[in-house]
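# Close look at the chain arrangement
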Amino acid sequence: MKKIEPNWINSFKKPLIISGPCSAENENQILEIAKRLDKNYVEIFRAGIWKPRTRPNNFEGIGEIGLKWLNKVKKKKGFLVAIEVANKIHVELALKYDIDIIWIGARSTVNPFTVQEIAESLKDTNKIILVKNPLNPDIDLWIGALERLINKGIKNLGVIHRGFSIYKNLKYRNIPNWKLALKFKKLYPNIPMLCDPSHICGNREGIFEVIKKAIHFNYEGFIIETHCDPDKALSDSYQQILPEKIKEFFSKIDFKKKKNIKLEYKREFINELDENLIYLLSDRMILSEKIAIIKKINNLLVFQPKRWESLIEKYINLGNRLGLSKKLIKKIFNEIHKESINIQNKII
Ligand SMILES: O=C(O)C(=O)C[C@]1(C(=O)O)C=C[C@@H](O)C=C1
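Residues numbered from 1 in each chain as written. Predicted model: local features only at pLDDT ≥ 70, side-chain atom pairs only at ≥ 80, totals over all residues. Heavy atoms only, no water.

### Remarks on the overall build of the chain
- Helix and strand content of the chain: 13 helices and 10 strands.
- With respect to the principal axes defined by its C-alpha atoms, the chain has extents near 70 × 45 × 45 Å.
- Considering only residue pairs separated by 6 or more positions, the chain has 73% of its internal contacts joining residues 24 or more positions apart.
- Surface summary for the chain: the accessible area is close to 18500 Å², and the carbon and sulfur share equals 54%.
- If the 62 positive side-chain charges of the chain are averaged to one point and the 40 negative ones to another, these points end up 4 Å apart. (Helix = DSSP H or I, 4+ residues; strand = E, 2+ residues; numbered from the N terminus. Contact = heavy atoms within 4.5 Å. Areas by Shrake-Rupley, 256 points an atom, 1.4 Å probe, with all protein chains shown as cover. Lys, Arg positive; Asp, Glu negative; His and termini not counted. Charge placed at Lys NZ, Arg CZ, Asp CG, Glu CD.)

Structure, rendered in structure tokens:
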């Protein structure tokens, strides 16, 4: 990739905060959110105009009229405005309505044809273009998207870490991959990296915990979804927060208090793995309850020695291959099995 100069991000406060609704729904909603966002914290107003929904027949965005509302936000409230584009027509409209910041979504980043089409229609633009990570943790796809934009003379670039798709929801809707994002940062230190806690979490509860982590990892900014009535939002209602929450949270953060990044990063990894272990254990015990019901109906014994012996042998072998001692595997799985038996005994 060609060398990128450190650039546009320096003209904003650190961290840069982009905020606004997942989707533009109506003019009042847009203006109300803009009014309630504190401009001392939020410099850029975001709103989805076209929404790439997983299933059809959901609200798929308000379309072009939303760009007129964003122009009002710009003129009346003094924010810069940001939207997502996913094809050539979106780009043309974004440029026609003088949108300041344009981002490419995760579902587009995965597709080089789409990125190429967007890059060609943005050719030589001075607008700020942000590229979300692709759905799958493939750093080359992410880099490739930036290269396509750079090849078309686009200079004001940034990236957004919005987490990666997982087949099963544990704690996150899209699991963050801090390791991959930090690797990207090491490779391209001059490309500003923002974090999207709303899409990482998929719920309101975890958002500020994710922001705190990203602050430790020196992210330059955030894109956070806000709505004046989150429960009634037409898309992603679970992950939007009230506009006032931004100031409430960021006013309490001490940005000078820096922790040891290397240590924090490793610890973060351990926390993440431990939490996943707990989620998995909970799933396992729920399955054990379901098996107990089947055993009860079929008059089967709770303790199944043959099956248990074969399982423990398999786990010891797997542990061995992964460098874990027989003693450790036996200890952990004996406890798990004991708990599973207790659960089943209560049901039978
Ligand atoms: O396979 C079963 O029958 C189960 O109920 C599961 C399970 C376990 O938790 O691993 C529990 C009890 C049996 O002794 C064997 C295995």
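### Some details on the side chain of aspartate 196
- Topologically, aspartate 196 is positioned in the loop between β9 (193-195) and α8 (197-201).
- A polar atom in the side chain of aspartate 196 sits 3.1 Å from the backbone nitrogen of serine 198.
- Ignoring sequence-local partners within four residues, the contact set of aspartate 196 consists of Lys132, Ile160, His161, Arg162 and Ile223. (Polar contact = N/O pair within 3.5 Å; in protein donor to acceptor, adjacent residues only side chain to side chain.)

### Describing the pattern of salt bridges
- Across all of its chains, the model carries 20 salt bridges by this definition.
- Here aspartate 98 ties to lysine 127 by a salt bridge, and the two come within 2.5 Å at their closest N and O atoms. A residue pair is termed long-range when its members are at least 10 positions apart, and aspartate 98 in the loop between α3 (88-96) and β4 (101-104) and lysine 127 in the loop between α5 (112-122) and β5 (128-132) qualify at 29 residues.
- Lysine 127 gets classed as buried once you look at its relative accessible area, which sits at 16%.
- Aspartate 229 serves as the salt-bridge partner of lysine 232, at 3.4 Å between the closest nitrogen and oxygen.
- Assessed through its relative accessible area of 61%, lysine 232 is described here as exposed.
- On the basis of relative accessibility, which here comes to 32%, the residue aspartate 229 falls in the partly exposed class.
- Through salt bridges that share partners, Lys74, Asp98, Asp100 and Lys127 make up one connected network. (Salt bridge = Lys/Arg side-chain N within 4 Å of Asp/Glu carboxyl O. Buried < 20%, exposed > 50% of the residue type's maximum accessible area, 1.4 Å probe, protein only.)

### Notes on the sheet that holds strand β3 (residues 80-85)
- If you trace the 8 strands once around the closed barrel, you get β1-β2-β3-β4-β5-β6-β9-β10, paired in parallel fashion. Pairs of neighbouring strands in the sheet enclose a mean axial angle of 30 degrees, with direction left out of account.
- Across the sheet, helix α7 (residues 178-187) is in contact with β6 (157-161) and β9; its angle to β9 comes to roughly 160 degrees.
- Against the sheet, helix α9 (residues 207-216) makes contact with β9 and β10 (221-225), and its axis sits at roughly 170 degrees relative to β10, the strand it touches most. (Pairing = 2+ DSSP bridges. Axes fitted to C-alpha atoms, helices over the stretch in contact; angles between N-to-C directions.)

### Structural notes on the nonpolar core
- Ranked by internal contacts, the top residues of the largest apolar core, which has 72 residues, are Phe45, Ile83, Leu149, Phe184, Ile211 and Phe250.
- Here this core gets 7 residues from one element, more than from any other, and that element is helix α6 (residues 139-151).
- One finds Trp8, Ile44, Ile160 and Ile223 within the second-largest nonpolar core, a separate group that totals 14 residues. (Core = buried A, V, L, I, M, F, W, Y, C linked by side-chain atoms within 4.5 Å.)

### Some words on helix α1 (residues 27-36)
- By the burial criterion, the buried members of α1 are Gln29, Ile30, Leu31, Ile33 and Ala34.
- Structurally, α1 contributes buried residues whose contacts are with β1 (16-20), β2 (44-46) and α2 (65-77).
- Structurally, the start of α1 carries an N-cap: the backbone nitrogen of asparagine 28 is 3.2 Å from a side-chain oxygen of asparagine 26.

### Notes on the site of the ligand
- Taken together, the neighbourhood of the ligand is formed by 13 residues, with Lys295, Arg307, His337, Ser340 and Gln344 sitting nearest.
- Lysine 295 is positioned such that a nitrogen or oxygen atom in its side chain is 2.8 Å from an oxygen atom of the ligand.
- Between arginine 307 and the ligand, the recorded distance is 2.5 Å, taken from a side-chain N or O atom to an oxygen atom.
- In the complex, 93% of the free accessible area of the ligand, which totals 350 Å², lies under the protein chains.
- When residues in the shell around the ligand are grouped by element, the largest group, 4 residues, is from helix α13 (residues 326-347). (Near = heavy atom within 4 Å.)

### Description of the domain arrangement of the chain
- Annotation of the chain at the domain level lists domain 1 (8-258) and domain 2 (262-347).
- Opposite the 11 residues of domain 1 that make contact, domain 2 presents 9 residues.
- Where domain 1 abuts domain 2, roughly 1000 Å² becomes buried across the two surfaces, and 62% of that area is made up of carbon and sulfur atoms.
- In this assembly, domain 1 and domain 2 are joined by 1 salt bridge.
- On inspection of domain 1 and its partner domain 2, the count reaches 1 residue pair in polar contact (both at pLDDT 80 or more).
- Elements that contribute at least two residues to the side of domain 1 that touches domain 2 include exactly α7 and α9.
- The dominant element in the side of domain 1 that touches domain 2, judged by the number of residues it contributes, is α7, at 3 residues.
- Taken together, the residues that form the side of domain 1 that touches domain 2 break down as 6 nonpolar, 1 polar and 4 charged. (Domains from an automatic or database assignment. Buried area = accessible area lost by both parts, 1.4 Å probe. Nonpolar A, V, L, I, M, F, W, Y, C, P; charged D, E, K, R; others polar.)

### As for unusual backbone geometry
- Lysine 14 connects to proline 15 through a cis peptide bond whose omega is 0 degrees.
- One can find proline 15 in the segment before β1.
- The backbone of asparagine 218 shows a phi angle near 65 degrees, a positive value even though the residue is not glycine.
- Mapped onto the elements of the fold, asparagine 218 is located in the loop between α9 and β10.
- Exposure remark for asparagine 218: the relative accessible area of 29% places this residue in the partly exposed category.
- Even without a glycine there, the phi angle at aspartate 236 is positive, about 45 degrees.
- Checked against the element boundaries, aspartate 236 lands in the loop between β10 and α10 (244-250).

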